[in-house]
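This is what each chain is made of:
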Amino acid sequence: AQEAAALRMRILHTNDHHSRIEPVMNGSTPLHGGVARRKTLIDQVRSSEALPLLLVDAGDVFQGTLFFNQYNGMADLEFYNAMGYEAMTIGNHEFDRGTTLLSDFIKRATFPVLSANIHVTAGSVLDGLYKPHVIVEKGGKKIGIFGVTAEDTGELANTGSEVQFTSVIAAAKEQVAALQAAGVFTIIALTHVGIDVDRQIAREVSGISLIIGGHSHTPMGPMSSSGNPPYPELIANPDGKPVVIVTDWEWGRWLGDLTLAFNQEGTIVDVQGHPTEVAPSIEADPSFEQRIQVLAAPLNLLRATVIGSSSVDLDGARANVRTRETNLGNLVADAMLLKTRNRGGQIAITNGGGIRASIPAGAISIGQVLEVLPFGNTLATVDISGAQVWAALENGVSQVESGAGRFPQIAGFSFTYDPTLPVGSRVTSVTYAGAAMDSAAIFRVVTNDFMLAGGDGFTSFAQGSNPLNTGLILADVVQEYISANSPITAVAEGRISVGLAV
Ligand code: ATP
Ligand code: ZN
């Protein structure tokens, strides 16, 4: 295969960086990751590799640490520009601060930002900024790279009506046709759709040689524990040709790394995967280190500012807040309800997916609260009927098996549901003020702005009356509540019960 190769090249890739500028920690020692060590690894490959090199990212650079709260993705971008990325796909979290911020990011990026299945209305700030694909030249050959983004991003993030997401498969087929018409040698899909959809693209769309993915945070090959899919994975396309699939887990813990050989037809005839752990033994790039220290200074202040304490561990674990009542879910919902009592707030419903970290017993800092509630959500109130509350709860428990973010954390009432019943009829009772909730009565619900806008499928809020975005920032409201109620003793007291039908 080696003699016959028309092109050999090396590809380095990452995805789901999620603002992990600093290393991922194990207690107080670095476990792995961090852009300073990633930079060293990339530079080593650049200086030692004779083959053409491509460096790409499959999306979700935004959201996940205090760096994102402070710098809205611009700190991450500074490092991405300096590492010499050549393309990136728009991930769902790239919409977390709205379209104007994403447009600033794309304008300042020294590399193209891609998605072929995102469509914006004419005159949108994003109009004309991102591209469906890019053609790069490697070893004298034109390589087509197109991007696609999770189809349900409109529901997963707050994208607003100016942005529409269309079929990933249809967009992939269109891009292959366009890139083939442009005479490219081979085609790479740079995707933020999750590995299952990557496999579907491989099986259903001809003309793609390599899929570099993100979104499902899937460790492959030697990354993390055993039982992973191999790195790389190979799938036959509709013509029986091999498609190589890779993804690089998350948070820059590892650096995805492939060496490929293509034949005259642009088909991959040899592939060697050698992803590297971004291990603490790798020397950190000194100029990156210096810059990180400067950028981290205001964050360290947030981390050091104690606002209260808890005598119990506050449970924000992803697997828990998305499947059951937790004491941290109760605390957040209680704070929301208390803050809106004087505006007529009667019950609170907030999405478990909006709670992104736990807080261990002990002192609580501003930084910790911001890590629990990083989205910058505001409190919103709306008047809906008891029947609509019921419908909202049905939506909330409709995907509990998959741990979707829509699971409700609540205050001011209680309910029982049976997860073995069909979706849409799982809620078996709703209790308000000690009695069955009156389905015709109107209740003022406090929720967050994301849900009021229909996020996580909560359509019943959009149907209510007197919708109001209070402008009160959820993280501030929770901080204030913790300060006033320390030491916190919140418990999961049975607001949400699972009652199996008999
Ligand atoms: P990925 O990096 O793969 O996108 P993720 O955890 O962000 O990971 P999901 O597990 O799909 O992706 O989580 C998305 C969930 O995050 C949504 O279902 C919702 O519950 C929550 N979420 C997203 N954006 C917001 C927001 N602006 N406000 C509140 N909650 C949000
Ligand atoms: Zn994602």
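Above: the structure in question.
In this text the structure is predicted, and so the values were computed from the model without any measurement.

Draft legend 1. Expanded view of the overall build of the chain. Along its length, the chain carries 15 helices and 28 strands. For 502 residues, the compact-globule estimate of 2.2 N^0.38 gives 23 Å, and the C-alpha radius of gyration of the chain, at 24 Å, lies within 12% of that figure. Overall, the C-alpha framework of the chain stretches about 80 × 50 × 45 Å when taken along its three principal axes. Buried positions account for 55% of the 502 residues belonging to the chain. Pairs at least 24 apart in sequence give 76% of the contacts found in the chain among residues at least 6 apart. A gap of 2 Å separates the mean positions of the 32 positive and 49 negative side-chain charges of the chain.

Draft legend 2. Structural view of the sheet that holds strand β21 (residues 378-385). Spatially, 5 strands are ordered β22-β19-β26-β21-β27 in an open sheet, and the strand pairing comes out mixed. Only two strands of the sheet have a single partner each, and these edge strands are β22 (408-411) and β27 (465-473). Going from strand to strand, the sheet's axes swing by 25° on average, the running direction of each strand aside. Relative to strand β26 (residues 442-448), strand β19 (residues 347-351) runs parallel, the two sharing 2 bridges. Paired with Ile347 across the strands is Val445, a residue of β26. Of the strands in this sheet, β19, β21, β22, β26 and β27 touch helix α10 (residues 327-340), which is tilted by about 50° from β22. The strands touched by helix α12 (residues 386-396) are β19, β21, β22 and β26; relative to β21, the strand with the most contacts, the crossing angle is about 125°.

Draft legend 3. Focus on the site of ligand 1. Surveying the vicinity of ligand 1 reveals 19 residues, the closest of which are His18, His93, His215, Arg318 and Asp456. Within the contact set of ligand 1, an oxygen atom lies 3.2 Å away from a side-chain nitrogen or oxygen of Asp16. Within the backbone of Gly405, one N or O atom sits 3.4 Å away from an oxygen atom of ligand 1. Here ligand 1, which alone exposes 640 Å², has 93% of that area covered by the protein. Classifying every residue of the shell around ligand 1 gives 3 nonpolar, 10 polar and 6 charged.

Draft legend 4. Representation of the packing of aromatic side chains in the model. The final tally for this structure, using the stated rule, is 11 aromatic pairs. A ring pair is formed by Tyr432 and Phe443, whose centres lie 4.9 Å apart and whose planes are at 75°; its orientation type is edge-to-face. Of the two residues, Tyr432 is situated in strand β24 (residues 427-432) and Phe443 in strand β26; the sequence distance between them amounts to 11 residues. Exposure remark for Tyr432: the relative accessible area of 22% places this residue in the partly exposed category. What makes Phe443 buried here is its relative accessible area of 5%. Seen from their ring centres, Phe458 and Phe461 are 5.6 Å apart, and the 20° between their planes marks the pair as stacked. Across this residue pair, the class does not change: Phe458 and Phe461 are buried. By the ring-pair criterion, three or more aromatic residues cluster together here, those being Phe62, Phe68 and Phe105. A cation over a ring is seen here: Arg20 above Trp251, with NZ or CZ 3.7 Å from the ring centre. Stacked on the ring of Phe185, the Lys or Arg Lys141 has its end atom at 5.3 Å from the ring centre.

Draft legend 5. The arrangement of the environment of Asn117 in detail. If you trace the backbone, Asn117 turns up in the loop between β6 (113-114) and β7 (118-120). Since its relative accessible area comes to 0%, Asn117 is described here as buried. With 109 residues separating them in the primary sequence, Asn117 and Arg8 have C-alpha atoms 30 Å apart. Apart from residues no more than four positions distant in its own chain, Asn117 is found in contact with Gly147, Val148, Thr149, Glu151, Gln164, Phe165, Thr166, Ser167, Val168 and Ala171. A distance of 3.1 Å separates a polar atom in the side chain of Asn117 from a polar atom in the side chain of Ser115. Here the side chain of Asn117 touches Thr149 through a polar contact of 2.8 Å, landing on its backbone oxygen.

Rules and cut-offs
- Residues numbered from 1 in each chain as written.
- Chains lettered and ligands numbered in written order.
- Predicted model: local features only at pLDDT ≥ 70, side-chain atom pairs only at ≥ 80, totals over all residues.
- Heavy atoms only, no water.
- Helix = DSSP H or I, 4+ residues; strand = E, 2+ residues; numbered from the N terminus.
- Rg over C-alpha atoms; globule rule 2.2 N^0.38 Å.
- Buried < 20%, exposed > 50% of the residue type's maximum accessible area, 1.4 Å probe, protein only.
- Contact = heavy atoms within 4.5 Å.
- Lys, Arg positive; Asp, Glu negative; His and termini not counted.
- Charge placed at Lys NZ, Arg CZ, Asp CG, Glu CD.
- Pairing = 2+ DSSP bridges.
- Axes fitted to C-alpha atoms, helices over the stretch in contact; angles between N-to-C directions.
- Near = heavy atom within 4 Å.
- Polar contact = N/O pair within 3.5 Å; in protein donor to acceptor, adjacent residues only side chain to side chain.
- Areas by Shrake-Rupley, 256 points an atom, 1.4 Å probe, with all protein chains shown as cover.
- Nonpolar A, V, L, I, M, F, W, Y, C, P; charged D, E, K, R; others polar.
- Phe/Tyr/Trp six-rings, centres within 6.5 Å; stacked < 30°, edge-to-face > 60°.
- Lys NZ or Arg CZ within 6 Å of the ring centre and 35° of its normal.

So, to be careful, I would describe these as geometric facts and stop short of saying anything about function.
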